[in-house]
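A structural walkthrough
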Amino acid sequence: MRVRTLCPSVLVLLLLRCVFGQTSSDLAMVHANVVDVRTGSVEKDATVLISESKIKAVLPGKSAKVASGARVIDAHGGYLIPGLWDMHVHSEGDKRVLRLMLASGITGIRDMGGDVYKLAEARRHIEAQDWDGPRLIFAGPMLEGPPAESDDDMWIVHTPEEAQQAVASLAALHVDFIKVHDHLGRDVYFAIAAAAKKAGLPFAGHVTASITPLEASDAGQASIEHFEFLPKVCVPLLGDMALGDERLPNDCTHTFTEALLRHLADNGTWLDPTLQSFRYFAPLQWKQILAGFKEIGGQIRTEHILMLAGTDWSAFLESKGAHPGWCLHDELDLLVAVGFTPLQALQAATLNPAIFLSMEDSIGTIEAGKVADLVLVQGNPLMAIGNSRRVVAVIARGAFFDRSRLHRLAAGASRDRRLN
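Residues numbered from 1 in each chain as written. Predicted model: local features only at pLDDT ≥ 70, side-chain atom pairs only at ≥ 80, totals over all residues. Heavy atoms only, no water.

This paragraph deals with the overall build of the protein. Counting its secondary structure elements, the protein contains 14 helices and 17 strands. For the protein, buried positions account for 53% of its 420 residues. At a minimum sequence separation of 6, the contacts of the protein that also span at least 24 residues come to 67%. For the protein, the exposed area adds up to about 18,800 Å²; of that, 55% sits on carbon and sulfur atoms. (Helix = DSSP H or I, 4+ residues; strand = E, 2+ residues; numbered from the N terminus. Buried < 20%, exposed > 50% of the residue type's maximum accessible area, 1.4 Å probe, protein only. Contact = heavy atoms within 4.5 Å. Areas by Shrake-Rupley, 256 points an atom, 1.4 Å probe, with all protein chains shown as cover.)

Let's shift gears to the nonpolar core. Membership of the largest hydrophobic core comes to 94 residues, with the highest contact counts inside it found for Ile178, Ile192, Phe229, Leu271, Phe293 and Ile300. If one sorts the elements of this core by residue count, helix H5 (residues 186-199) sits on top with 7 residues. Setting aside its immediate chain neighbours within four residues, Ile192 contacts Leu143, Ala163, Val167, Ile178, Val180 and Leu184. (Core = buried A, V, L, I, M, F, W, Y, C linked by side-chain atoms within 4.5 Å.)

On to the state of the cysteines. Evaluated as defined, the whole model comprises 1 disulfide. Disulfide pairing places Cys234 opposite Cys252 at an S-S distance of 2.0 Å. One quick way to see it: the torsion about the S-S bond of Cys234 and Cys252 is about -90°, and its sign makes the bridge left-handed. Placement of the pair is Cys234 in the loop between strand S13 (223-225) and helix H7 (254-267) and Cys252 in the loop between S13 and H7, with a sequence separation of 18 residues. (Disulfide = S-S within 2.5 Å.)

Next up on the list: empty space enclosed by the protein. In total, this model carries 2 cavities of 30 Å³ or more according to the counting rule given. What the largest cavity holds in volume is close to 70 Å³. Forming the boundary of the largest cavity are Pro82, Gly83, Trp85, Thr107, Thr350, Ile363, Gly364, Thr365, Val371, Asp373 and Leu374. When grouped by side-chain class, the residues that make up the lining of the largest cavity number 5 nonpolar, 5 polar and 1 charged. (1 Å grid on protein atoms, 1.4 Å probe; cavity = no way out; pocket = protein on both sides within 12 Å on 5 of 7 lines; lining within 4 Å. Points joined across faces, edges and corners; volume = space filled by probe spheres on them. Nonpolar A, V, L, I, M, F, W, Y, C, P; charged D, E, K, R; others polar.)

Here Asp312 shows up in the loop between helix H9 (286-302) and helix H10 (315-320). Buried charge without a partner: Asp312 forms no salt bridge, and the closest opposite charge is Lys179, 6.4 Å away. Polar side-chain contacts of Asp312 include one of 3.2 Å to the side chain of His90. Excluding residues within four positions of it along the chain, Asp312 makes contact with His88, His90, His226, Thr274, Ser277, Phe281 and Leu317. (Lys, Arg positive; Asp, Glu negative; His and termini not counted. Salt bridge = Lys/Arg side-chain N within 4 Å of Asp/Glu carboxyl O. Polar contact = N/O pair within 3.5 Å; in protein donor to acceptor, adjacent residues only side chain to side chain.)

Let's shift gears to helix H3 (residues 116-127). End to end, H3 covers 16 Å across 12 residues, agreeing with the expected 16 Å (1.5 Å per residue, within 8%). Within H3, burial applies to Val116, Leu119, Ala120, Ala122, Arg123 and Ile126. An end-on view of H3 places all buried positions within 160° of arc, on one side of the element. Here the buried face of H3 lies against helix H2 (95-103), strand S7 (106-111) and strand S8 (135-138). Two or three places before Tyr117, at the start of H3, stands the capping residue Asp115, its side-chain oxygen 2.9 Å from that residue's backbone nitrogen. Two residues or fewer past H3, Gln129 is found with a positive phi of approximately 65°. (Expected span 1.5 Å × (residues − 1). Arc of directions from axis to C-beta.)

Residue placement: Asp111 occurs in strand S7. Of the buried charged residues, Asp111 lacks a salt bridge, with Lys179 as the closest side chain of opposite charge at 7.9 Å. Here Ser91 takes part through its backbone nitrogen, which lies 2.7 Å from a polar atom of the side chain of Asp111. Those residues in contact with Asp111 that lie beyond four places of it in its chain are Val89, His90, Ser91, Glu92, Leu119, Leu136, Ile137, Phe138, Ala139 and Phe177.

This part takes up the packing of aromatic side chains. A full pass over the atoms with the stated rule returns 7 aromatic pairs. Aromatic pair Tyr189 and Phe203: ring centres 5.8 Å apart, planes at 70°, arrangement edge-to-face. Placement of Tyr189 in helix H5 and of Phe203 in strand S12 (residues 203-205) is noted, with a sequence separation of 14 residues between them. Residue classification places Phe203 among the buried residues on the basis of a relative accessible area of 5%. Ring centres 5.4 Å apart and planes at 35° place the aromatic pair Phe227 and Phe293 in the tilted group. (Phe/Tyr/Trp six-rings, centres within 6.5 Å; stacked < 30°, edge-to-face > 60°.)

Put simply, the protein has an average pLDDT of 90, and 89% of its residues get 70 or more. Overall, residues 1-24 carries pLDDT values under 50, and its contacts beyond four positions in sequence, including any with other chains, amount to 12 contacts. Low pLDDT (under 50) marks residues 241-246, which in the prediction has 6 contacts with non-local residues, meaning those over four places away or in another chain. (pLDDT = per-residue confidence, 0-100.)

What follows is about H7. Along its 14 residues, H7 runs 20 Å from first to last C-alpha, staying within 8% of the 20 Å computed at 1.5 Å per residue. Along H7, the residues classified as buried are Thr257, Leu260, Leu261 and Leu264. In a view along the axis of H7, the buried residues occupy a sector of 95°, so they form one face of it. Among the exposed residues of H7, those oriented more than 90 degrees off its buried face are Thr255 and Asp266. Packing partners of the buried residues in H7 comprise helix H6 (213-218), strand S14 (270-272) and H9. In the segment just after H7, Gly268 is the residue with positive phi, at about 75°.

Rendered as C-alpha coordinates:
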(Lines give C-alpha, C1' and ligand atoms only; values in the text may rest on other atoms or scores of the structure.)
Protein backbone atom coordinates (compact mmCIF):
# COMPACT_ATOMS: atom_id res chain seq x y z
CA MET A 1 0.00 0.00 0.00
CA ARG A 2 2.83 2.36 0.84
CA VAL A 3 4.52 1.79 -2.54
CA ARG A 4 1.27 2.42 -4.38
CA THR A 5 0.77 5.66 -2.47
CA LEU A 6 4.22 6.94 -3.50
CA CYS A 7 4.00 5.94 -7.16
CA PRO A 8 2.34 9.09 -8.51
CA SER A 9 4.98 11.27 -6.84
CA VAL A 10 7.78 9.11 -8.17
CA LEU A 11 6.34 9.28 -11.67
CA VAL A 12 6.16 13.06 -11.50
CA LEU A 13 9.79 13.27 -10.36
CA LEU A 14 10.90 10.96 -13.15
CA LEU A 15 8.99 13.00 -15.71
CA LEU A 16 10.57 16.25 -14.51
CA ARG A 17 13.98 14.63 -14.64
CA CYS A 18 13.43 13.52 -18.23
CA VAL A 19 12.28 16.97 -19.32
CA PHE A 20 14.73 19.15 -17.44
CA GLY A 21 17.68 16.90 -16.67
CA GLN A 22 19.22 16.29 -13.28
CA THR A 23 18.17 19.80 -12.32
CA SER A 24 16.04 22.21 -14.30
CA SER A 25 19.13 24.35 -14.92
CA ASP A 26 21.43 21.68 -16.44
CA LEU A 27 21.78 22.71 -20.08
CA ALA A 28 23.93 21.70 -23.02
CA MET A 29 23.96 24.00 -26.01
CA VAL A 30 25.32 22.11 -29.01
CA HIS A 31 26.39 23.16 -32.52
CA ALA A 32 27.09 26.73 -31.42
CA ASN A 33 29.69 29.10 -32.85
CA VAL A 34 31.17 30.65 -29.71
CA VAL A 35 32.49 34.21 -30.11
CA ASP A 36 35.60 35.14 -28.12
CA VAL A 37 35.18 38.87 -27.53
CA ARG A 38 38.76 39.19 -26.30
CA THR A 39 40.39 38.10 -29.53
CA GLY A 40 37.65 38.20 -32.14
CA SER A 41 38.04 34.51 -32.85
CA VAL A 42 35.19 32.03 -33.17
CA GLU A 43 35.16 28.44 -31.92
CA LYS A 44 32.94 26.68 -34.41
CA ASP A 45 30.51 23.86 -33.69
CA ALA A 46 31.17 24.00 -29.96
CA THR A 47 29.19 22.67 -27.02
CA VAL A 48 28.58 24.85 -23.99
CA LEU A 49 27.68 23.04 -20.79
CA ILE A 50 25.77 24.95 -18.12
CA SER A 51 25.08 23.80 -14.58
CA GLU A 52 22.94 25.88 -12.25
CA SER A 53 23.79 29.49 -13.20
CA LYS A 54 27.40 28.90 -14.32
CA ILE A 55 29.18 27.84 -17.47
CA LYS A 56 30.67 24.46 -16.71
CA ALA A 57 32.70 23.98 -19.90
CA VAL A 58 33.13 25.11 -23.51
CA LEU A 59 34.13 22.09 -25.57
CA PRO A 60 34.79 21.22 -29.21
CA GLY A 61 31.62 19.68 -30.56
CA LYS A 62 33.16 16.39 -31.63
CA SER A 63 34.72 15.65 -28.25
CA ALA A 64 31.94 16.95 -26.03
CA LYS A 65 30.08 14.47 -23.88
CA VAL A 66 26.67 15.54 -22.66
CA ALA A 67 25.51 13.96 -19.42
CA SER A 68 22.38 11.91 -19.71
CA GLY A 69 19.39 13.86 -18.51
CA ALA A 70 20.77 17.29 -19.42
CA ARG A 71 18.50 19.50 -21.47
CA VAL A 72 20.03 19.68 -24.95
CA ILE A 73 19.54 22.83 -27.02
CA ASP A 74 20.57 22.77 -30.67
CA ALA A 75 22.01 26.16 -31.69
CA HIS A 76 21.83 25.16 -35.37
CA GLY A 77 25.08 27.01 -36.13
CA GLY A 78 24.01 30.26 -34.46
CA TYR A 79 26.56 32.55 -32.84
CA LEU A 80 26.83 32.66 -29.08
CA ILE A 81 27.96 35.96 -27.54
CA PRO A 82 28.21 37.11 -23.92
CA GLY A 83 25.12 38.79 -22.51
CA LEU A 84 24.91 42.45 -23.49
CA TRP A 85 25.08 45.42 -21.11
CA ASP A 86 23.50 48.84 -21.56
CA MET A 87 25.77 51.04 -19.48
CA HIS A 88 23.57 54.15 -19.37
CA VAL A 89 19.83 53.83 -18.83
CA HIS A 90 17.11 55.35 -16.67
CA SER A 91 14.84 52.36 -16.15
CA GLU A 92 13.06 53.56 -12.98
CA GLY A 93 12.93 49.89 -12.03
CA ASP A 94 9.97 49.49 -14.38
CA LYS A 95 9.09 45.79 -14.76
CA ARG A 96 7.88 46.31 -18.34
CA VAL A 97 11.10 48.03 -19.38
CA LEU A 98 13.31 45.43 -17.71
CA ARG A 99 11.47 42.61 -19.49
CA LEU A 100 11.92 44.31 -22.86
CA MET A 101 15.62 44.77 -22.21
CA LEU A 102 16.06 41.09 -21.43
CA ALA A 103 14.07 40.17 -24.54
CA SER A 104 16.54 42.16 -26.65
CA GLY A 105 19.58 40.31 -25.29
CA ILE A 106 20.53 42.68 -22.46
CA THR A 107 21.49 40.73 -19.35
CA GLY A 108 22.86 43.69 -17.38
CA ILE A 109 22.21 47.43 -17.07
CA ARG A 110 23.81 50.39 -15.28
CA ASP A 111 21.01 52.69 -14.18
CA MET A 112 22.36 56.25 -14.11
CA GLY A 113 19.79 57.97 -11.93
CA GLY A 114 16.38 57.23 -10.48
CA ASP A 115 14.30 56.48 -7.41
CA VAL A 116 16.58 54.36 -5.21
CA TYR A 117 13.68 52.52 -3.56
CA LYS A 118 12.10 51.50 -6.87
CA LEU A 119 15.46 50.36 -8.20
CA ALA A 120 16.29 48.37 -5.07
CA GLU A 121 12.86 46.73 -5.16
CA ALA A 122 13.31 45.80 -8.82
CA ARG A 123 16.71 44.28 -8.08
CA ARG A 124 15.21 42.23 -5.24
CA HIS A 125 12.51 40.87 -7.56
CA ILE A 126 15.03 39.99 -10.27
CA GLU A 127 17.46 38.31 -7.87
CA ALA A 128 14.58 36.35 -6.31
CA GLN A 129 13.52 35.33 -9.85
CA ASP A 130 10.09 36.86 -9.33
CA TRP A 131 10.72 39.10 -12.35
CA ASP A 132 12.46 38.39 -15.63
CA GLY A 133 15.03 41.10 -16.19
CA PRO A 134 18.72 41.98 -16.45
CA ARG A 135 21.22 42.30 -13.64
CA LEU A 136 20.77 45.79 -12.20
CA ILE A 137 23.58 48.13 -11.11
CA PHE A 138 22.33 51.53 -9.96
CA ALA A 139 23.24 54.94 -8.56
CA GLY A 140 19.91 55.99 -7.15
CA PRO A 141 19.24 59.73 -7.33
CA MET A 142 21.89 61.74 -9.18
CA LEU A 143 23.61 64.60 -7.36
CA GLU A 144 22.99 68.02 -8.90
CA GLY A 145 23.45 71.67 -8.03
CA PRO A 146 20.96 74.55 -7.97
CA PRO A 147 18.77 75.95 -9.45
CA ALA A 148 17.11 72.54 -9.87
CA GLU A 149 14.94 71.18 -7.05
CA SER A 150 15.26 67.84 -5.30
CA ASP A 151 12.96 64.93 -6.13
CA ASP A 152 13.12 61.13 -6.06
CA ASP A 153 15.46 61.03 -9.08
CA MET A 154 17.74 63.94 -8.17
CA TRP A 155 19.16 65.39 -4.96
CA ILE A 156 20.29 69.02 -4.99
CA VAL A 157 23.55 69.63 -3.14
CA HIS A 158 24.54 73.16 -2.15
CA THR A 159 27.59 72.80 0.11
CA PRO A 160 30.50 70.41 0.73
CA GLU A 161 28.84 69.39 3.99
CA GLU A 162 25.64 68.48 2.14
CA ALA A 163 27.78 66.59 -0.38
CA GLN A 164 29.27 64.44 2.38
CA GLN A 165 25.84 63.78 3.86
CA ALA A 166 24.35 62.88 0.47
CA VAL A 167 27.09 60.37 -0.32
CA ALA A 168 26.82 58.83 3.15
CA SER A 169 23.04 58.52 2.76
CA LEU A 170 23.38 56.85 -0.65
CA ALA A 171 26.03 54.48 0.66
CA ALA A 172 23.66 53.48 3.47
CA LEU A 173 21.03 52.75 0.80
CA HIS A 174 23.49 50.33 -0.86
CA VAL A 175 23.89 52.08 -4.21
CA ASP A 176 26.63 50.78 -6.47
CA PHE A 177 28.09 54.16 -7.44
CA ILE A 178 27.49 57.91 -7.23
CA LYS A 179 26.15 59.87 -10.22
CA VAL A 180 27.25 63.50 -10.66
CA HIS A 181 25.36 65.94 -12.89
CA ASP A 182 25.74 69.36 -14.49
CA HIS A 183 25.59 72.27 -12.04
CA LEU A 184 27.61 71.28 -9.00
CA GLY A 185 29.90 73.92 -7.53
CA ARG A 186 33.64 73.20 -7.63
CA ASP A 187 33.95 72.70 -3.89
CA VAL A 188 30.82 70.53 -3.87
CA TYR A 189 32.07 68.36 -6.75
CA PHE A 190 35.42 67.70 -5.10
CA ALA A 191 33.68 67.02 -1.79
CA ILE A 192 31.56 64.38 -3.55
CA ALA A 193 34.70 62.84 -5.06
CA ALA A 194 36.38 62.67 -1.64
CA ALA A 195 33.30 61.31 0.11
CA ALA A 196 32.76 58.66 -2.57
CA LYS A 197 36.37 57.53 -2.24
CA LYS A 198 35.99 57.33 1.54
CA ALA A 199 32.81 55.26 1.16
CA GLY A 200 34.49 52.93 -1.34
CA LEU A 201 32.11 53.91 -4.13
CA PRO A 202 33.06 54.91 -7.68
CA PHE A 203 31.50 58.06 -9.09
CA ALA A 204 30.56 58.73 -12.70
CA GLY A 205 28.42 60.95 -14.88
CA HIS A 206 28.56 64.39 -16.43
CA VAL A 207 31.38 66.90 -16.25
CA THR A 208 29.84 69.63 -14.15
CA ALA A 209 30.13 73.15 -15.58
CA SER A 210 32.45 74.39 -12.83
CA ILE A 211 35.34 72.06 -13.74
CA THR A 212 37.12 70.75 -16.83
CA PRO A 213 37.20 67.20 -18.19
CA LEU A 214 40.87 67.03 -17.17
CA GLU A 215 39.96 67.94 -13.59
CA ALA A 216 37.16 65.38 -13.54
CA SER A 217 39.53 62.70 -14.77
CA ASP A 218 42.23 63.69 -12.27
CA ALA A 219 39.65 63.60 -9.48
CA GLY A 220 39.01 59.95 -10.27
CA GLN A 221 35.68 60.12 -12.10
CA ALA A 222 35.27 56.58 -13.39
CA SER A 223 33.37 57.36 -16.57
CA ILE A 224 32.35 60.46 -18.50
CA GLU A 225 28.97 60.24 -20.18
CA HIS A 226 27.78 61.61 -23.51
CA PHE A 227 30.26 63.99 -25.18
CA GLU A 228 31.27 65.72 -21.97
CA PHE A 229 34.85 64.56 -22.25
CA LEU A 230 35.16 67.63 -24.50
CA PRO A 231 35.41 71.09 -22.90
CA LYS A 232 32.18 73.04 -23.37
CA VAL A 233 33.83 75.45 -25.82
CA CYS A 234 34.80 72.51 -28.03
CA VAL A 235 31.25 71.26 -28.60
CA PRO A 236 31.33 72.80 -32.15
CA LEU A 237 33.70 69.93 -33.01
CA LEU A 238 30.58 67.80 -33.08
CA GLY A 239 28.99 70.10 -35.64
CA ASP A 240 30.28 70.95 -39.09
CA MET A 241 33.84 69.58 -39.17
CA ALA A 242 34.39 71.50 -42.41
CA LEU A 243 34.81 74.64 -40.31
CA GLY A 244 38.35 73.54 -39.55
CA ASP A 245 40.53 74.26 -36.53
CA GLU A 246 40.97 77.92 -37.47
CA ARG A 247 37.30 78.65 -36.71
CA LEU A 248 37.48 77.10 -33.22
CA PRO A 249 39.07 78.31 -29.97
CA ASN A 250 42.78 77.61 -29.62
CA ASP A 251 42.14 74.91 -27.03
CA CYS A 252 39.97 72.91 -29.46
CA THR A 253 42.59 72.11 -32.07
CA HIS A 254 43.30 68.56 -33.15
CA THR A 255 46.54 68.69 -31.16
CA PHE A 256 44.69 69.82 -28.03
CA THR A 257 41.98 67.15 -28.19
CA GLU A 258 44.62 64.53 -28.88
CA ALA A 259 46.52 65.58 -25.73
CA LEU A 260 43.28 65.69 -23.73
CA LEU A 261 42.29 62.19 -24.76
CA ARG A 262 45.79 60.91 -24.03
CA HIS A 263 45.48 62.34 -20.51
CA LEU A 264 42.14 60.59 -20.03
CA ALA A 265 43.66 57.35 -21.27
CA ASP A 266 46.60 57.66 -18.86
CA ASN A 267 44.13 58.12 -15.99
CA GLY A 268 42.03 55.14 -17.07
CA THR A 269 38.92 57.31 -17.52
CA TRP A 270 36.19 55.55 -19.49
CA LEU A 271 33.94 57.14 -22.12
CA ASP A 272 30.26 56.36 -22.68
CA PRO A 273 29.18 58.55 -25.63
CA THR A 274 25.51 57.39 -25.82
CA LEU A 275 25.56 58.29 -29.52
CA GLN A 276 22.08 57.14 -30.42
CA SER A 277 20.45 59.36 -27.81
CA PHE A 278 21.38 62.49 -29.79
CA ARG A 279 19.23 61.26 -32.64
CA TYR A 280 16.31 62.12 -30.34
CA PHE A 281 17.76 64.99 -28.29
CA ALA A 282 19.07 66.94 -31.30
CA PRO A 283 17.37 65.59 -34.44
CA LEU A 284 18.14 68.68 -36.55
CA GLN A 285 21.86 68.48 -35.81
CA TRP A 286 22.03 64.70 -35.85
CA LYS A 287 23.96 64.27 -39.12
CA GLN A 288 26.54 66.89 -38.13
CA ILE A 289 26.95 65.35 -34.68
CA LEU A 290 27.57 61.92 -36.17
CA ALA A 291 30.09 63.31 -38.65
CA GLY A 292 31.86 65.22 -35.90
CA PHE A 293 32.15 62.21 -33.64
CA LYS A 294 33.57 60.16 -36.48
CA GLU A 295 36.78 62.23 -36.44
CA ILE A 296 36.98 62.32 -32.65
CA GLY A 297 36.34 58.58 -32.59
CA GLY A 298 39.53 58.08 -34.58
CA GLN A 299 41.46 59.92 -31.87
CA ILE A 300 39.77 57.85 -29.17
CA ARG A 301 40.93 54.67 -30.88
CA THR A 302 44.44 56.03 -31.40
CA GLU A 303 44.76 56.80 -27.69
CA HIS A 304 43.28 53.39 -26.76
CA ILE A 305 40.59 54.83 -24.50
CA LEU A 306 38.17 52.18 -23.34
CA MET A 307 34.55 52.70 -24.35
CA LEU A 308 31.23 51.64 -22.90
CA ALA A 309 28.02 51.16 -24.86
CA GLY A 310 25.14 53.09 -23.36
CA THR A 311 21.91 54.55 -24.70
CA ASP A 312 20.62 57.07 -22.12
CA TRP A 313 17.27 55.34 -22.58
CA SER A 314 14.44 56.83 -20.52
CA ALA A 315 10.69 57.17 -20.74
CA PHE A 316 11.32 60.52 -22.43
CA LEU A 317 13.44 58.90 -25.15
CA GLU A 318 10.81 56.20 -25.59
CA SER A 319 8.24 58.94 -26.22
CA LYS A 320 10.54 60.14 -29.03
CA GLY A 321 10.87 56.68 -30.57
CA ALA A 322 13.73 54.91 -28.73
CA HIS A 323 12.71 51.31 -28.04
CA PRO A 324 13.82 49.86 -24.67
CA GLY A 325 16.61 47.38 -25.18
CA TRP A 326 16.69 47.48 -28.95
CA CYS A 327 18.21 50.96 -28.98
CA LEU A 328 21.41 49.36 -27.62
CA HIS A 329 21.71 47.58 -30.96
CA ASP A 330 21.30 50.98 -32.62
CA GLU A 331 24.22 52.20 -30.50
CA LEU A 332 26.41 49.31 -31.67
CA ASP A 333 25.45 50.02 -35.29
CA LEU A 334 26.45 53.68 -34.86
CA LEU A 335 29.79 52.86 -33.24
CA VAL A 336 30.65 50.83 -36.32
CA ALA A 337 29.32 53.58 -38.59
CA VAL A 338 31.81 56.08 -37.09
CA GLY A 339 34.78 53.76 -37.50
CA PHE A 340 34.92 51.26 -34.66
CA THR A 341 35.21 47.63 -35.69
CA PRO A 342 32.36 45.23 -34.97
CA LEU A 343 34.59 43.59 -32.36
CA GLN A 344 35.26 46.92 -30.63
CA ALA A 345 31.54 47.72 -30.63
CA LEU A 346 30.71 44.29 -29.22
CA GLN A 347 33.40 44.66 -26.55
CA ALA A 348 31.83 47.97 -25.48
CA ALA A 349 28.68 46.04 -24.51
CA THR A 350 30.26 42.84 -23.12
CA LEU A 351 33.90 42.64 -22.06
CA ASN A 352 34.39 46.34 -21.30
CA PRO A 353 31.47 46.59 -18.85
CA ALA A 354 32.87 43.55 -17.03
CA ILE A 355 36.27 45.24 -16.72
CA PHE A 356 34.74 48.59 -15.75
CA LEU A 357 32.57 47.02 -13.04
CA SER A 358 35.46 44.87 -11.72
CA MET A 359 33.37 41.79 -12.58
CA GLU A 360 35.66 40.31 -15.20
CA ASP A 361 35.98 37.12 -13.15
CA SER A 362 32.25 36.39 -13.53
CA ILE A 363 30.87 38.05 -16.70
CA GLY A 364 31.92 39.50 -20.06
CA THR A 365 33.21 36.41 -21.86
CA ILE A 366 32.11 32.83 -22.48
CA GLU A 367 34.39 30.74 -20.29
CA ALA A 368 34.12 27.97 -17.75
CA GLY A 369 33.31 29.25 -14.28
CA LYS A 370 31.57 32.43 -15.42
CA VAL A 371 27.90 33.27 -14.99
CA ALA A 372 25.79 31.85 -17.81
CA ASP A 373 24.69 35.18 -19.30
CA LEU A 374 24.59 34.45 -23.03
CA VAL A 375 22.83 35.51 -26.21
CA LEU A 376 22.36 33.29 -29.25
CA VAL A 377 22.11 35.31 -32.45
CA GLN A 378 21.58 34.36 -36.06
CA GLY A 379 24.63 35.46 -38.02
CA ASN A 380 28.15 36.45 -37.08
CA PRO A 381 28.21 39.89 -35.36
CA LEU A 382 31.94 40.14 -36.02
CA MET A 383 31.20 40.24 -39.72
CA ALA A 384 28.14 42.51 -39.47
CA ILE A 385 27.31 44.09 -36.12
CA GLY A 386 23.63 44.22 -37.11
CA ASN A 387 23.52 40.48 -36.45
CA SER A 388 23.58 41.27 -32.73
CA ARG A 389 19.91 42.22 -32.95
CA ARG A 390 18.93 38.88 -34.57
CA VAL A 391 18.30 37.33 -31.15
CA VAL A 392 17.28 33.67 -31.18
CA ALA A 393 17.64 32.86 -27.47
CA VAL A 394 18.89 34.38 -24.22
CA ILE A 395 20.36 32.65 -21.20
CA ALA A 396 20.25 34.84 -18.08
CA ARG A 397 21.97 33.44 -14.99
CA GLY A 398 21.42 29.96 -16.38
CA ALA A 399 17.71 30.41 -17.18
CA PHE A 400 16.92 29.64 -20.81
CA PHE A 401 14.63 31.90 -22.84
CA ASP A 402 13.90 30.54 -26.31
CA ARG A 403 12.38 32.65 -29.06
CA SER A 404 8.80 31.92 -28.06
CA ARG A 405 9.48 32.79 -24.43
CA LEU A 406 11.19 36.02 -25.51
CA HIS A 407 8.17 36.87 -27.64
CA ARG A 408 5.91 36.29 -24.62
CA LEU A 409 8.13 38.62 -22.57
CA ALA A 410 7.83 41.34 -25.20
CA ALA A 411 4.12 40.78 -25.69
CA GLY A 412 3.48 40.91 -21.95
CA ALA A 413 5.47 44.13 -21.69
CA SER A 414 3.45 45.68 -24.51
CA ARG A 415 0.23 44.63 -22.79
CA ASP A 416 1.41 46.15 -19.52
CA ARG A 417 2.09 49.44 -21.27
CA ARG A 418 -1.39 49.55 -22.81
CA LEU A 419 -2.98 48.84 -19.42
CA ASN A 420 -0.99 51.67 -17.86
